[in-house]
Amino acid sequence: MTATLFDYHRSSASYRVRIALNLKGIAWTRVPVNLLENEQQSAAHLARNPQGQVPALEIDGFILIQSLAIIDYLDVTRPAAPQLLPRDPVARAQVMAQALVIAADTHPIGNLRFIRQLGEQFGADEAAKNVWRRHGMALGLQALEAMVSAAELPDNGPFLGGASPNLADICLVPQFYNARRFDLPLNAYPRLVRADAAAAALPAFAEAHPDRLTA
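> Whenever I open this one, the packing of aromatic side chains confuses me. Can you help?
Aromatic rings considered in pairs are described by the distance between their centres and by the relative angle of their planes. Summed over all chains, the structure comprises one aromatic pair. Aromatic pair Y15 and Y177: ring centres 6.0 Å apart, planes at 85 degrees, arrangement edge-to-face. Here Y15, found in helix α1 (residues 12-23), pairs with Y177, found in helix α7 (residues 167-181); they are 162 residues apart in sequence, far enough to count as distant. Neither Y15 nor Y177 differs from the other in exposure class; each is buried. The ring of F6 carries R48 above its face, with NZ or CZ at 3.9 Å from the centroid.

Right under this line is the structure:
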């Protein structure tokens, strides 16, 4: 059965799920939800996702929301390689922490809802909004670079997960896409740059890239 993904092409959270679906070899179709036109607030979409956000994934007779929850479901129900989260509890906690640095602490600061609020409530212009975005991204990437540089990886592979990408890589790549969009220099994060470059060479990541899609 083909899964259906309700997403926006530039949404980091949607981008993560597209990557995971591709890595797991799951057939899926896409229904665009244009955030710039507030389609996420339509009655039809709110019935899928009461938060009025993307993504929402219809799969196995369920509608799932929240990108990390969706990816965890895919990893548990499709346990064949690549394994996106380790089974060892300590290693799993470490990978989840790395992913959450991006998904919980870095990405939301630049989320469209809050960027709009900066302008509407506080009068921030585009230049000020971009300073805000870059500051938030730099804080998160600095922390993640330190975490993965200190981690004892299972091997010497190029990804944050070692020889193959894991959940942390899936979160990193969309965040790097945003960093480049808003002109954040990346030379301070060599370990992350290496992982992002390795991921870009994989079809699962390349085919999920926002530039391959439409709004």
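Now that the structure has been shown, the text picks up again.
> Hey, could you run me through the layout of surface pockets in this one?
The method is simple in principle: a probe with the dimensions of a water molecule rolls over the atoms, and the space it marks as empty is what remains. Estimated volume of the largest pocket: approximately 870 Å³. Around the largest pocket, the lining comprises 40 residues; the ones closest to its centre are S11, S12, H107, N111 and L112. When residues of the lining of the largest pocket are traced back to their parent elements, those giving at least two are α1, α3 (67-77), α4 (89-106), α5 (112-122), α6 (126-150) and α7. At five residues, the largest contribution of residues to the lining of the largest pocket is made by α5. Looking at the lining of the largest pocket, its residues break down into 17 nonpolar, 17 polar and six charged.

About the thresholds
Residues numbered from 1 in each chain as written. Predicted model: local features only at pLDDT ≥ 70, side-chain atom pairs only at ≥ 80, totals over all residues. Heavy atoms only, no water. Phe/Tyr/Trp six-rings, centres within 6.5 Å; stacked < 30°, edge-to-face > 60°. Helix = DSSP H or I, 4+ residues; strand = E, 2+ residues; numbered from the N terminus. Buried < 20%, exposed > 50% of the residue type's maximum accessible area, 1.4 Å probe, protein only. Lys NZ or Arg CZ within 6 Å of the ring centre and 35° of its normal. 1 Å grid on protein atoms, 1.4 Å probe; cavity = no way out; pocket = protein on both sides within 12 Å on 5 of 7 lines; lining within 4 Å. Points joined across faces, edges and corners; volume = space filled by probe spheres on them. Nonpolar A, V, L, I, M, F, W, Y, C, P; charged D, E, K, R; others polar.

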